Every structure is written in structure tokens, then in C-alpha cells.
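The chain contents come next:
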Amino acid sequence: MASLSPPDAQAPATRALLIAGGAGLLAALTILFILDDWQVAAAFLATALVLGGAMLAFRAARPAQAAVAPTIDWSVANALAAASVDALAVTDCDGRLVCANRAYELLFEGLPTPPNLPIDPAAATALGTTGRTAWRDGEGQSTLTHGGAALDVGIVRAGDDMLVWRFARAADAGSAVDLDPLLGGEIGDRLASAGIMVATLTSQGRVRAANRVLCLRAMGQPDGAIAGRDFARFLTTDSNGVLRFEREGAAGNPLRLLQVPVSAQDDAPLVVALLDEEDAGLPAAIGSNVTAHVRALVSLLPFGMALVDREGRFVHMNDAFVRAAGIGAGPPPLYPGDLVIREDKGALADAIRRFSGGAAHSADMQVRLAGRPDDPIALTLAGARGLGEAAVLISLKETGQEGELKRQVAQAIKMQAVGQLAGGVAHDFNNILTAIIGHCDLMLMRHSPGDSDYDDIQQVRANSNRAAALTRQLLAFSRQQTLRPQTLQLPDVISEVSNLLNRLLGETVLLDVKHGRGLGAVRADPGQLEQVVVNLAVNARDAMLAANPNGGGTLTIETLAVTAADVRQMDNDVLPIGDYSVLRVSDTGTGIPIEALSKIFEPFFTTKEIGKGTGLGLSTVYGIVKQSGGYIFAESPPGQGAIFTIYLPVHTATETPAKAPPKPVKKADTWGTGTILLVEDEAMVRAVAERALTRQGYKVLTAEHGEAALELLATSGRPDLLISDVVMPMMDGPTMVRHVREQYPDLPILFMSGYAEEQLRRSIDLDNVAFLPKPFSVQQLAEAAQTALLTD
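Model, not experiment: these values are computed from the prediction.

**As for the overall build of the chain**
Scanning the chain from terminus to terminus reveals 22 helices and 28 strands. Counting only residues that meet the buried cut, the chain has 43% of its 792 residues in that class. Summarising the internal contacts of the chain: among those between residues at least 6 apart in sequence, 60% fall at separations of at least 24. Surface summary for the chain: the accessible area is close to 41,400 Å², and the carbon and sulfur share equals 54%.

**Some thoughts on the sheet that holds strand β23 (residues 643-649)**
Strand order in the open sheet formed by five strands is β18-β20-β21-β23-β22, with mixed pairing between adjacent strands. Where the open sheet ends on each side, the last strands, each with one partner, are β18 (509-515) and β22 (631-635). Going across the sheet, the axis of each strand differs from the next one's by a mean of 15°, ignoring polarity. Inspection of the sheet shows β18 paired to strand β20 (residues 553-562) by seven bridges, in the parallel sense.

**With respect to the confidence of the model for the chain**
For the chain, the mean per-residue pLDDT works out to 75, and 71% of the residues sit at or above 70. The low-confidence segment residues 54-71, where pLDDT is below 50, has ten contacts with residues more than four positions distant or belonging to other chains. pLDDT under 50 marks residues 172-177. Its contacts with residues more than four places away, or in other chains, come to twelve contacts.

**Some remarks on the pattern of salt bridges**
Evaluation of the coordinates by the stated rule reveals 16 salt bridges. For the salt bridge of aspartate 230 with arginine 233, the shortest nitrogen-to-oxygen distance reads 3.8 Å. Judged by its relative accessible area of 26%, aspartate 230 falls in the partly exposed class. A salt bridge links lysine 774 to glutamate 680; the shortest N-O distance between them is 3.0 Å. One end of the pair, lysine 774, is in the loop between β28 (769-773) and α22 (778-791); the other, glutamate 680, is in the loop between β24 (675-679) and α18 (683-695), with 94 residues separating them in the sequence. Here lysine 774 and glutamate 680 have matching classes, each one buried. Residues joined by salt bridges that share partners form a network here, namely Asp92, Asp94 and Arg96.

**Some points on helix α14 (residues 490-505)**
The α-helix advances 3.6 residues per turn, and as a result positions three or four apart in sequence lie on the same side. Within α14, the axis deviates most sharply at serine 498, by approximately 45°. Once α14 ends, the next one or two residues include glycine 506, with phi positive near 85°.

**Details of the pairing of strand β2 (residues 97-100)**
When strand β1 (residues 87-92) meets β2, the two strands line up antiparallel, connected through three bridges. Within the sheet, the bridge partner assigned to threonine 91 lies in β2 and is leucine 97.

**Things to note about the packing of aromatic side chains**
Per the counting criterion, the structure on display carries six aromatic pairs. Here tyrosine 104 and phenylalanine 167 contribute two aromatic rings whose centre-to-centre distance is 5.9 Å and whose plane-to-plane angle is 45°, an arrangement assigned as tilted. With tyrosine 104 in helix α4 (residues 102-107) and phenylalanine 167 in strand β5 (residues 162-169), this pair connects stretches of sequence that are 63 residues apart. No difference in accessibility class separates tyrosine 104 from phenylalanine 167, as the two residues are buried. Considering the side-chain rings of phenylalanine 633 and tyrosine 647, the 5.8 Å spacing of their centres and the 80° angle between planes classify their relative orientation as edge-to-face. Remark: tyrosine 647 occurs in strand β23 and phenylalanine 633 occurs in strand β22; sequence separation between them is 14 residues.

**Remarks on a nonpolar patch on the surface**
Residues Phe429, Ile432, Ile436, Val460 and Met684 make up a contiguous nonpolar surface patch of roughly 360 Å² in combined accessible area. Sorting elements by how many residues they give to the nonpolar patch places helix α12 (residues 401-444) first, with three residues. By the element assignment, phenylalanine 429 lies in helix α12.

**Comments concerning the nonpolar core**
Of all hydrophobic cores here, the largest spans 39 residues; its most connected members are Leu555 and Phe644. Residue assignment for this core shows that the elements contributing at least two residues are α14, β18, β19 (522-524), α15 (526-547), β20, β21 (580-587), α17 (617-627) and β23. Not counting residues within four places of it along the chain, the set of residues in contact with phenylalanine 644 comprises Leu536, Leu583, Arg584, Val585, Ile592, Ile600, Phe601, Leu618, Ile632, Phe633 and Ala634. By size, the runner-up hydrophobic cluster in this structure holds 24 residues, among which are Met317, Phe321, Phe355 and Ala391.

**Side note on the environment of tyrosine 580**
Residue placement: tyrosine 580 occurs in strand β21. For the pair tyrosine 580 and leucine 560, spaced 20 residues apart in the sequence, the C-alpha separation amounts to 8.6 Å. Every residue in contact with tyrosine 580, bar those within four places of it in the chain, is listed here: Leu560, Ala561, Val562, Val567, Leu575, Tyr631, Tyr647, Leu648, Pro649 and Val650. Of note is the side chain of tyrosine 580, whose polar atom sits 2.8 Å from the backbone oxygen of proline 576.

**Digging into the sheet that holds strand β27 (residues 749-753)**
Pairing is parallel in the open sheet, where five strands are placed in the order β25-β24-β26-β27-β28. The outermost strands of the open sheet, each flanked by one partner alone, are β25 (699-703) and β28. On average, each strand axis in the sheet is inclined to that of its neighbour by 20°, with strand direction left out of account. Pairing analysis gives five bridges linking β24 to β25, with the strands arranged parallel. Its bridge partner lying in β25, leucine 678 is registered against threonine 702. Contacts from α18 reach β24, β25 and β26 (721-725), with the element oriented near 165° to β25.

The rules behind the values
- Residues numbered from 1 in each chain as written.
- Predicted model: local features only at pLDDT ≥ 70, side-chain atom pairs only at ≥ 80, totals over all residues.
- Heavy atoms only, no water.
- Helix = DSSP H or I, 4+ residues; strand = E, 2+ residues; numbered from the N terminus.
- Buried < 20%, exposed > 50% of the residue type's maximum accessible area, 1.4 Å probe, protein only.
- Contact = heavy atoms within 4.5 Å.
- Areas by Shrake-Rupley, 256 points an atom, 1.4 Å probe, with all protein chains shown as cover.
- Pairing = 2+ DSSP bridges.
- Axes fitted to C-alpha atoms, helices over the stretch in contact; angles between N-to-C directions.
- pLDDT = per-residue confidence, 0-100.
- Salt bridge = Lys/Arg side-chain N within 4 Å of Asp/Glu carboxyl O.
- Bend = angle between axes of the 7 residues up to and from the residue.
- Phe/Tyr/Trp six-rings, centres within 6.5 Å; stacked < 30°, edge-to-face > 60°.
- Patch = residues over 30% accessible without salt bridge, like charges linked within 9 Å, V, L, I, M, F, W, Y side chains within 5 Å.
- Core = buried A, V, L, I, M, F, W, Y, C linked by side-chain atoms within 4.5 Å.
- Polar contact = N/O pair within 3.5 Å; in protein donor to acceptor, adjacent residues only side chain to side chain.

And the structure:
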């Protein structure tokens, strides 16, 4: 509380009266001298004195109010500050401390004035800079470390002459931070009823929080101001090493001090527990009573904790440990090694043996639980002394949503990496298949049906086309497939593919189609979307027939509308807020094992028996959905079949009229004349394309990369058509074409590549270019060349 002394208000009023009286007397003498009329002069003097008196009365009335105004009532501010759990202080414009709450006094002994706090000089300098920022801008933020704890500092200017300093404990990953507010309440009392005195300490040994029984024993009062005190000063040891409270003296009960391992970090908070020894002469033999105390302590801790004996067997584990370890309702595990996979059993057993044998420090180790083998977790182990049969403490943090988010991020990164690898492999493989298919076509031109080699060549070509289909699936998974998106309705797509599904499912599987109302249009490739439905349906059919070969089951395909409000209520971290048209495919099979749910979209992963399935069906579905801008989720509720839900964003943009596709060239019209410049870095593809175009009547000039093509153009003149690969060393196709267009703006261009057209067009950024995906046949190359020439 503070007050400001009022100024002396009478002095200015007296001076005003004297000035008015003097001025009136001077004016009266002047009038008397000039007019020689004493009555007028006396009247003027009286008027001046009356005005001066009125001014004196007015001045006398104002100081009474001014004396009250500067007085500041701090009672409300003090009440608010006392109710805050954060440390608060108020300084005036002269840098003086005018108000501070109890939390500030406990945090900084002696009530120092900020920024001159008992902290590191560099931190004090930074804090002073933040204070000046608050004077200038109205507020400032900073952080500092005090007593081993991180503090968030917020400074706010109040009015024109006050600064409010707030010191709040920063969020800490250690579980001890969560214990601080609990120790002074019901949890601390329950520990006290079990005979346990517990406190959290900073890394420097100062008390952060303690339960009431410890405050009572250490300070003589249950609500003692123990926070910020040196914990070691409350304890003493005698010549026999027996530990007691300092205030209880030699007559006090012997104590046993336990340290609970919360974190292996050097500056992490400490959790200590004090237990009364029943027999001071046998300090090592606590017996079953102390063990019961320890079990009560472990059971109440909010983080996973377990006790292990010297033989490596579990003695006790709390509920948090059971949840974090995924222990079911059956018989509990006997050994910690029963919780982890086989590869980690030996390392965990060795660590427990080392700590039970006398290792002094706690340590972290990474293990993989048998129920979640793909998600390593951290165990904290520490040796225990004086806990009866318990010899090792094991701490396990329950990850919850944090762990699930980490798993989703890791899965997304893995899928992206696999997609990039699959796309690169498919691109290189497409070049090989282009050469194989091209040579087969050239050989078939020299053989007629009935020749001994004709059937063999056809077989090679057919197998090459099968391989090309596999590469298209890999490109679909890696989202590099060439799509032809259109604006369409999901019910129309399902209607188109329903007849095919009835034949694929067979007579024993029932197809149930349900359409919702109010579905918005989506933008996707109808052919690829049909492929998605077919792949999901075939997978569901195989799963149902595997579970019941004779009875079959029911395949349900639903379409429904999901609004942005519905998505917001779902609270899904992956699905952005927006309007979606949803396609849901479910079956009545046995479902998907939980360990396979995170892998089902990976290429070549399959749950079918060896020799059945390529493992590319669901990966193709995943790639098509993602390339279409959608999202797909797989579920397998216990006791039910698999459910696949696809969210496609509603397409609302107005479509510009698309250009009419060029009229397809008939097979007999592929012969032509003119000069074609062929640029391809793969020698085998270049050779096949050159022979194919030459047989069609064209004059073909070849180059192995863009720079060689520009040199060739400088001497050969303008060609009729430029056919080029996109990705090449030295100079790629788009860069070369930009240089060529500077000289020949109207030259027709045909790009060929094993990558997706949409992806390449975004990087090419060129107008009036045609595209031919690899692998292609001799006939397809001839038709594409003729179409490009005719379009020009």
C-alpha cells in the first residue's frame, strides 16, 4: 500500500490575494490622482479586495480534493496479487518496488527490486532491456532461469508510472512440474496418510513444493512457507549416519530418504520422499511396512512407475505404468522383458541387473513394446536402496496423443520416401520397357502370324505390357501418374462401375449401394476413381471369402456429404476444415489386424498368403486419392470388417471450357514426311524411336541432350517437329525448348517422359506442347508425332 503526500495548497492562494490587493491599491491611487475622486478610488479598491477574496475561497476549495486524488488504494491490487499463483511485483517510474505478492517473496528472498534480481548478470541485463521495452511499447516478454527452474517473465506498463512484473514457471517436460500443485492438496494428504513425506526440489536442492506433513515436521506448521528454502538445512545426521529433521533433534524419529527418478537430465526437478524408520538400529531392514509405504507412493504418482526386485521380477506397478505399457486385463507380466520385443529383452535384463547390483545413477534406454514394435519408447531406470524387496525403479512415460502424432508423422515421412523411391524406379524402368516394347514392335513388322518366332515375340510384348501396368501402379502410389481430371458426381461413378463389381464379387457376395443427399461435385479422373472402387471391392471380396469361403458376405458402398461443421466436430488433425463428398467402402470380413493398419498402404505389403496379390492394390488407391487432393482413412473396429473412408473436397470453381482434343489419327495415316529432331539421353530408347520414325517416312536427327540439340539446330536449320525427353543431363528438355522457341516460336513440340504429365506441366510452364507417356509402342509414337504435326 502506498500514498502520495498532498502539496501545500494555501501558499498559492495567499499569493493570489496579495497580488489582487496590491493591484487594487495601485489602481485606486491612480484614479485618485487623476480624477481627484476618493469615493471612486475606494470603490475600485473594495472591488479588487472582493475578487481576491473570491479567488482565495476558490483556491481553498480545490486543495481538499487534490489532496485525496493522488492517494492509491492498494487493497484490491493486493487481493488480486495474493490470489495469483505466479510471482507478481509492481515498480514505479523511479524503479522502486511498491508492491509484491507472497509468491514473489518466496521466489526471491529479501524482496529484491526487478530487474536487480539474484540471477545471472547477463540474464539481469536482458531483463532490464525487456523492462525498458515495456516502458516504451506497453509490454515485454523474457525468460530466465532461477533456482534450476525456467521462468517466463511478462512485463506490462500500468498507466504512465507503473510496471507490473509477472514471473510464471515455464512448462517443463518433467513430470515433477505436474506434482507441484498436487502436493499441497488431496494427493499430498493421501500420501501423508500413508506415512509419506514428499517434496519436489530444484536441481540446486531448493524446495519447490511439499505436502503438509513434511512442512509440519520440518518447520513446525503444516502451511509453512517452505518453497524456495534449502532442503538440506531441514535435515541432520548423527555420528552413525542416521538421518533426522533438524528441528526434532536427536530425539526425533530416524528417516529414510528416497529419490524418485523422473528424468535423467542434469537440471531436471527432483522428487524426494521421507519415510520414518521403525528401527534405528537396523537402518537397512525397512521390512514390509516401508515397502507398503513405497507402494502407496508409487500408486499415487501420475506417471508410469514400477518396482522390480533383485531377481528381475515385478514387485509392483501403478495404473499409469499399466496403461502406458499396454498391459491387458489378463495375468500381469512377471518380468519387464515380457513387455518388449525379443531383440530388446537381453539389453533390458542387463540394465536391470546392473542397477540392482549397485549402479548409482539413473539412465534412459530405448525399447520397443511387444504390442507396438514400431514405436520405440524411453524407460528410465534407477537403483533403489532400502526398499525391502524392491531393487530397481522403472519409469515409463505414457505418450498418448503425443505418441500418436509422432507415429503419424513418421508414417507420413516413410510413405513420402517410399513414394519418391517408387517414382524414380518406375521412371527408369519405363525407359527399359519402352526399348523392349519398341524392339518387339519392330520385330513383329518382319514376322507374320504363323512364323515360329511370332508367338514368342508376342509373349515378350505381353509380359512387357504387364510390367508397364505395374509401373503405372507405382507411379499412382507416388502420385506421379498421368490423370485426366473432370468435374463429376460420386454416385455417377458408382453407377458406371456397378455392373463390373457384380461380376467381380461373384454370387456369394452381396453388393449394397447407398447414396446420400446433397453431395457436391468433385474433380477427379473418372477412370482412376473407378479403379479405386474396384481395388477396394476386390480386397473386401478376398477378405470375406477367406473368412467364410461358402457364405461370402456383404460389401457396402456409401456416398454422403460432409460439411465443414461436421469436419470441425470430428476434430481430426489430418483432415482440413472444408466441405467433402465422401465415399465409404465396408465389408463383413474379419477386419485388418491392428499391427497391419499402419502399413496397408505401403507398396508390396499384403496380408494375403504367399503367391497371391502383388501388394500394390491399396497403394494404388492411396496414390490416386492423394493425387486427386483427397484423404483416405482405414478402420477396423473390433468384431467388424474393414472400413475405408475417402474424403474428396467439393469442387466449386467454375470450369473454363476445355479445348477440343485433336482428332485421333488412324493407323493407316501414320505415314508422313518431314524432318524430326529427336532428343533422348537413353541410347536404347533413342535407337528404337529413331528406327520407328524412320520406318514411317520421316528424316530423323538425333541428339543425346539439350546442348547437343542446340548445336545440331545451328547447322541443320528448322525441323518440322521436335521430340524430346524431359529429364536429361547437361540441359533438360524444357530449358532446351525455351532456347529453340526464341528462334522458332511456332515449332511444334512433343515431350515424352516416364513421369506424370501434371507434374511435368507445372515445371515445364510452356504453351502448345504435346505429351507422350512412357512406355509407348511404335504405333503410339507414330500417332503422337502425326497428331503433333497436324495440330500445328
